[in-house]
Amino acid sequence: MSLKYNISPKYSFLKEAILDVKKNFRSTGESIKSGRNHLKIIDLDNKKFVVKSFKKPTAIKSYTYGNIFPSKAKRSFDYANILLSKGIHTPEPVAYLEHYTGLQFQESFYISEYYSSDYDLSVLFTERGDNKTPFKDSETLWTAFMKFTLELHHQGIDHLDYTRRNVLITQQGNEYSFSIVDLNRIDFKSLSLRDRMKSLSRITSDSDLVKMIAKYYSAESDYDYDKCLYLLQYFVREHQRYWDTKRQLKRMFK
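Quick caveat: nothing in here was measured; it's all calculated off a predicted structure. All residue numbers refer to positions counted from 1 along the written sequence of the respective chain. Note on the predicted model: pLDDT of at least 70 is required for a residue's local features to be given, and 80 or more for side-chain atom pairs to be given and counted; whole-chain, interface and lining totals, by contrast, use all residues. Only hydrogens and water are removed before side-chain values are computed, so all heavy atoms of the structure are retained for them.

Peer 1: Tell me about the overall build of the chain, residues and numbers included.
Peer 2: Within the chain one finds 8 helices and 11 strands. Based on C-alpha atoms, the radius of gyration is set beside the globule rule, defined as 2.2 Å times the residue count to the power 0.38. The C-alpha radius of gyration of the chain comes to 20 Å, within 12% of the 18 Å expected for a compact globule of 254 residues. Exposure categories follow from relative accessible area, calculated using a 1.4 Å probe and restricted to protein chains: below 20% of the type maximum is buried, above 50% is exposed, and the middle band is partly exposed. Classification of the 254 residues of the chain by burial places 45% in the buried group. Only heavy atoms matter for contacts: two residues are in contact if any of them lie within 4.5 Å across the pair. Expressed as a percentage of contacts within the chain between residues at least 6 apart in sequence, the contacts between residues at least 24 apart total 63%. None of His or the chain ends enter the tally, which takes Lys and Arg as positive and Asp and Glu as negative. Taken as the charge centre is NZ of Lys, CZ of Arg, CG of Asp or CD of Glu, depending on the residue. Separation between the mean location of the 41 positive side-chain charges and that of the 31 negative ones in the chain comes to 8 Å. Each helix corresponds to a stretch of at least 4 residues labelled H or I by DSSP, and each strand to a stretch of at least 2 residues labelled E; elements are numbered beginning at the N terminus.

Peer 1: Lay out the pattern of salt bridges with the relevant residues and their values.
Peer 2: Put simply, a salt bridge is a Lys or Arg side-chain nitrogen that is within 4 Å of an Asp or Glu carboxyl oxygen. In this structure the tally under the stated criterion is 9 salt bridges. Residues E107 and K22 are paired through a salt bridge, measuring 2.1 Å at the closest nitrogen-oxygen approach. Note that E107 is positioned in strand β6 (residues 104–113) and K22 in helix α2 (residues 21–24), a separation of 85 residues in sequence. Residues joined in a network through salt bridges with shared partners are K10, E92 and E113.

Peer 1: Quick one: what's the story with helix α5 (residues 138–154), residue by residue and with numbers?
Peer 2: Here the expected length of a helix is defined as 1.5 Å per residue gap, with one fewer gap than residues. Counted at 1.5 Å a residue, the expected span for α5 with its 17 residues is 24 Å, and the 24 Å between its end C-alpha atoms agrees. Along α5, the positions that sit buried rather than exposed are L141, W142, T143, A144, F145, M146, F148, T149, L150, L152 and H153. The inward-facing, buried residues of α5 abut β8 (157–159), β9 (167–172), β10 (175–180), α6 (193–200) and α7 (207–219).

Peer 1: So what about the layout of surface pockets? Which residues, and what values?
Peer 2: Over the atoms a probe the size of a water molecule is rolled, and this reveals where empty space is left. Cavity means a closed set of points on a 1 Å grid over the protein atoms alone, one where a 1.4 Å probe fits but cannot get out, pocket means an open set with protein on both sides within 12 Å along at least 5 of 7 lines, and lining means a residue has an atom within 4 Å of a point. Grid points are joined across faces, edges and corners, and a volume is the space filled by probe spheres set on the points. Space inside the largest pocket adds up to approximately 1,500 Å³. In this structure, the largest pocket is lined by 43 residues; those nearest its centre are K33, D161, T163, N166 and D182. Elements that contribute at least two residues to the lining of the largest pocket include exactly β2 (30–33), β4 (47–53), α4 (72–85), β6 and α8 (225–252). Counting residues per element, the lining of the largest pocket draws most heavily on α8, which supplies 6 residues. Three categories are distinguished: nonpolar for Ala, Val, Leu, Ile, Met, Phe, Trp, Tyr, Cys and Pro, charged for Asp, Glu, Lys and Arg, and polar for the others, with Gly belonging to the last. Here the lining of the largest pocket is built from residues that sort into 16 nonpolar, 12 polar and 15 charged.

Peer 1: An account of the sheet that holds β10 is needed here, citing residue identities and associated values.
Peer 2: Paired through their backbone hydrogen bonds, the strands of a sheet run either parallel or antiparallel. In space, the 3 strands of this open sheet follow the order β7-β9-β10, with antiparallel pairing throughout. Strands with a single pairing partner mark the edges of an open sheet, and in this sheet they are β7 (119–120) and β10. Strands are labelled as partners when DSSP assigns at least two bridges between them. Examined bridge by bridge, β9 and β10 share 6 bridges and lie antiparallel to one another. Bridge pairing in β10 links V167 to I180. Orientation is described by lines fitted to C-alpha atoms, with helices fitted over the stretch in contact, and by angles between N-to-C directions that extend from 0 to 180 degrees. Where α5 meets the sheet, it contacts β9 and β10, and its direction lies at approximately 40° from that of β10.

Peer 1: Account for the nonpolar core, with residues named and values stated.
Peer 2: Nonpolar side chains in soluble globular proteins tend to be buried together. One finds F145, Y162, F178, I180, M197 and L200 to be the most contacted residues of the largest nonpolar core, which totals 46 residues. At the level of elements, α4, α5, β9, β10, α6, α7 and α8 are the ones that each hand at least two residues to this core. With 8 residues, α5 is the largest single contributor of residues to this core. Not counting chain neighbours up to four residues away, the residues in contact with F178 comprise H89, L141, A144, F145, F148, V167, L168 and I169. Definition used in this section: a nonpolar core is a set of buried Ala, Val, Leu, Ile, Met, Phe, Trp, Tyr and Cys residues joined via side-chain atoms within 4.5 Å.

Peer 1: With reference to specific residues and values, describe unusual backbone geometry.
Peer 2: Phi is positive for D45, close to 55°, though the residue is something other than glycine. With a phi close to 60°, N46 is a non-glycine residue in the positive phi region. Checked against the element boundaries, N46 lands in the loop between β3 (38–44) and β4. Classification of N46 by relative accessible area gives exposed; the value is 81%.

Peer 1: Describe empty space enclosed by the protein, with residues and values.
Peer 2: The tally for this structure, following the rule as stated, stands at 1 cavity of 30 Å³ or more. What the largest cavity holds in volume is close to 40 Å³. Residue contributions to the lining of the largest cavity peak at 3 residues, all from β6. For the lining of the largest cavity, the per-class residue count stands at 4 nonpolar, 2 polar and 3 charged.

Peer 1: I'd like a description of the side chain of T204, backed by residues and values.
Peer 2: Structurally, the position occupied by T204 is in the loop between α6 and α7. A relative accessible area of 6% means that T204 is categorised as buried. Identification of polar contacts relies on pairs of N or O atoms within 3.5 Å, with a donor-acceptor requirement for protein atoms, meaning one able to donate a hydrogen and the other able to accept it, and with residues adjacent in sequence counted only if both atoms are side-chain atoms. A distance of 3.1 Å separates a polar atom in the side chain of T204 from the backbone nitrogen of D206.

Peer 1: How would you sum up the environment of N6? Please name residues and give values.
Peer 2: Residue placement: N6 occurs in strand β1 (residues 2–7). Along the primary structure N6 and Y96 are separated by 90 residues, whereas in three dimensions their C-alpha atoms are 5.6 Å apart.

Right under this line is the structure:
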């Protein structure tokens, strides 16, 4: 088995421990998410890091990843460095590892610094019937979040999985700062209004909240509210159709 990797110069002194991540992944660390991909918090040299183990690819993708297309771990590492260079916060990238058998890609790991946030974007979305207490400073947070989103869009950053769990929030007094995670699916390009609303359509399908997103986005930008709302509603419907179709196909082939 062969290994491709890149380690940030800042953490070159941890090279031996980083290269052993695959060997030790199952037996060490604290799991914070499992499923298709597995995230763990690990300690190296008395400092916390997050390791993301990506699901093993299909047989076809095992030959294209790394040989034709970059792996998800490499994209996460590269995109994190691009975001930081643009002044957009994301946990600092530490390394990525790609394991191969011959030319066949097996699995990959992305390592970043551990980032302690106060919330994620879910605090703004207490959908009807949840019996949750609304976030007490929602007006300020909505405005701050839309300013952050506009900054992403102005910088030509289209996070293709811009969801509640992937936007982390830190609060200092009445000020909020944001960090984005889950970075392997990002486009860097000039964004049209369609692109912008498509990105935001992944956050919620609740009709009242969709109107609220359009309201705040148009208020913080030069875009017309009606145009924002029309496109946002359209992409929310498309997004829902996609998942409905996917669920139906899963049931059919069980």
